[in-house]
Amino acid sequence: MSVIDWHYPRRELAERYLQGVTQGIMNRIALLGVRRVGKTEFLLRDFCPLALEQGYLPIYANLWASPEHPHETIIEALKAALSGLKDRKRIKSVLASEVKKLEVGNSLIGKMGFEFNSPLPIIAPGVLTHVGQLLSQLVETPNCRPLLVIDEIQHLAESPAFHPLQGTLRTAFDLHGHKLPVVYAGSSRNGMQAMFADDKMPFYNSAYMVEFPAMGEELVRHCCDILRTRFELHYDVREITDVFTRQFDNSPFWLSKLIQHLVMNQCSVREAADLVQDQLVLDGGFEQLVQKLNATDRAVLTLIRERCNRLYAEDTLKLIKERFGLSVKVSGITASLKKLKRQRLISQMGRSDYLIENAGFVEYLRQRR
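What counts and what doesn't
Residues numbered from 1 in each chain as written. Predicted model: local features only at pLDDT ≥ 70, side-chain atom pairs only at ≥ 80, totals over all residues. Heavy atoms only, no water. Phe/Tyr/Trp six-rings, centres within 6.5 Å; stacked < 30°, edge-to-face > 60°. Helix = DSSP H or I, 4+ residues; strand = E, 2+ residues; numbered from the N terminus. Buried < 20%, exposed > 50% of the residue type's maximum accessible area, 1.4 Å probe, protein only. Lys NZ or Arg CZ within 6 Å of the ring centre and 35° of its normal. Contact = heavy atoms within 4.5 Å. Axes fitted to C-alpha atoms, helices over the stretch in contact; angles between N-to-C directions. Parallel < 35°, antiparallel > 145°, perpendicular 65-115°, else oblique. Left-handed = near helix turned anticlockwise from the far one by under 90°. Core = buried A, V, L, I, M, F, W, Y, C linked by side-chain atoms within 4.5 Å. Disulfide = S-S within 2.5 Å. Salt bridge = Lys/Arg side-chain N within 4 Å of Asp/Glu carboxyl O. Polar contact = N/O pair within 3.5 Å; in protein donor to acceptor, adjacent residues only side chain to side chain.

Going by the annotation in an unreviewed UniProt entry, the name recorded for the protein chain is ATPase domain-containing protein, with Marinobacterium nitratireducens given as the source organism.

### A closer look at the packing of aromatic side chains
The relation between two aromatic rings is expressed through the spacing of the ring centres and the mutual angle of the planes. Summed over the entire model, instances satisfying the criterion amount to 10 aromatic pairs. On the numbers, 6.4 Å between centres and 55 degrees between planes, the contact of Phe173 with Tyr184 is tilted. Residue Phe173 is found in helix α6 (residues 163-176), and its partner Tyr184 is found in strand β4 (residues 182-185); the two are separated by 11 residues along the sequence. The same class applies to Phe173 as to Tyr184, namely buried. An angle of 55 degrees between the planes, with centres 5.2 Å apart, marks the rings of Tyr184 and Phe196 as tilted. One end of the pair, Tyr184, is in strand β4; the other, Phe196, is in helix α7 (residues 189-196), with 12 residues separating them in the sequence. Across the pair, Phe196 and Tyr184 agree in class, each one buried. An aromatic cluster is built from Phe173, Tyr184, Phe196 and Phe203, whose rings are joined through pairwise contacts. Arg36 extends its terminal NZ or CZ atom over the ring of Phe253, reaching a point 4.0 Å from the ring centre. Taking NZ or CZ as reference, Arg145 lies 4.0 Å from the ring centre of Tyr56, over its face.

### Observations concerning the side chain of Ser159
Checked against the element boundaries, Ser159 lands in the loop between β3 (146-151) and α6. Here Ser159 falls in the buried class, since its relative accessible area comes to 6%. If near-sequence neighbours (up to four positions away) are discounted, Ser159 is found in contact with Phe116 and Leu120.

### A word on the packing of helix α3 (residues 70-83) against helix α5 (residues 125-140)
Running from N to C, α3 and α5 point in directions that differ by 30 degrees, and their axes come no closer than 10 Å. On the basis of their axis angle, the class for α3 and α5 is roughly parallel. Remark: the crossing between α3 and α5 carries left-handed chirality. Here His71, Ile74, Ile75, Leu78, Lys79, Ala81 and Leu82 of α3 come into contact with α5, specifically with Val127, His130, Val131, Leu134, Leu135, Gln137 and Leu138.

### Considerations on the nonpolar core
Counting residues in hydrophobic clusters, the biggest one holds 51 residues, and the most contacted among them are Ile240, Leu255, Leu258, Leu262, Leu301 and Phe361. Every residue in contact with Leu258, bar those within four places of it in the chain, is listed here: Ile240, Val243, Phe248, Val269, Ala272, Ala273 and Val276. Listed in part, the 43 residues of the second largest apolar core include Ala61, Val131, Phe162 and Tyr184.

### Considerations on the environment of Gly84
Take Gly84: it is sitting in the loop between α3 and α4 (88-104). With a relative accessible area of 2%, Gly84 lands in the buried category. Taking the C-alpha atoms as reference points, Gly84 and Trp254, separated by 170 residues in sequence, lie 36 Å from one another. Those residues in contact with Gly84 that lie beyond four places of it in its chain are Arg90 and Ile91.

### A short note on the state of the cysteines
Counted by the stated rule, this structure contains zero disulfides. Cys48 provides the cysteine sulfur closest to Cys144, a residue in no disulfide bond, and the two sulfurs are 14 Å apart. Judged by its relative accessible area of 11%, Cys144 falls in the buried class.

### Concerning the pattern of salt bridges
When the charged atoms of two side chains with opposite charge come close together, those side chains can pair. Counted under the stated rule, the structure contains 25 salt bridges. Between Arg28 and Asp174 there is a salt bridge, with the nearest N and O atoms lying 2.9 Å from each other. Residue Arg28 is located in strand β1 (residues 28-32), and its partner Asp174 is located in helix α6; the two are separated by 146 residues in the primary sequence. One network of salt bridges, in which partners are shared, links Asp242, Arg246, Asp249, Arg305, Glu363 and Arg366.

### Here we look at the side chain of Lys339
Inspection of the secondary structure assignment puts Lys339 in helix α15 (residues 330-342). Among the polar contacts listed, one links the side chain of Lys339 to the backbone oxygen of Lys292, at a separation of 2.6 Å. A distance of 2.7 Å separates a polar atom in the side chain of Lys339 from a polar atom in the side chain of Asp297. The residues touching Lys339, leaving out its near neighbours within four places in the chain, are Lys292, Leu293, Asn294 and Asp297.

Now the structure itself:
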């Protein structure tokens, strides 16, 4: 029996991004989204193969591969691309190896960012020069159309030691312009904001930032079709979609865990969902997070999840009083938002639009009442 491919292809989305970054006004885009919303799988399984198919040379680098030495990851990716210029099979092999790493994965890595044991040494100028030279070599190679994909780009904001690398990359990207399109992806909107929206940072205003669209019922239907045809297991698409959306905040990672339980145990959706939620709570450190929140924080999180973007409005303060029994002033909302951002539970997009960063956390809070 052949191995089942559970991947849900998103070719139209890949075509849109490829066209935008190679033919649009801005040749650099940054994909925003929470952890485990499917960005990396999309880039490796949909975007990069399409780019290769259309004559581009996709160069993929995940900066979490070597957290303390992101420059080495970039150099390794650039060298692999240069050595595979005349061998498309080699490029496919490199992408396949990255897919394999994704499948093996480390479910805990990058959960709350990295904490380094000691200050990191500044990257040597000669190393930075080498990065610039490799990028120039790719761009200047005849009939080569490089397309750089840097995953977990927000990692470069984790330490001042990485700021020179940001500067080197920004300089090279500006120098080569449309000849070197770049796609960034990150699992922390706050980290991305710290890089692209801070006028003191090298990457300031250097990419078009776009929210990576989450999947919904279409992914659930895809999985249910496989369960039915390959395992003769018949589950209600609507019931699984409700769990996927409400408990897992449309995270394909946690949906895959749910599907695994259904295949192995052939139990009810409710039973499998409870088991997966236990894993989600442990993985996200929800118990520890809850201890740091007060009643106002919980109310604000709930309203943000419900897409309330008028948190300071008089009618919102009245709603908090009626619904949560809390008398809160504007200053209390401000303090809560600062605290939630500091703890990386929310991110801010624009002046009044806030987004939840931890899949399943607000539903967990609701269930604890």
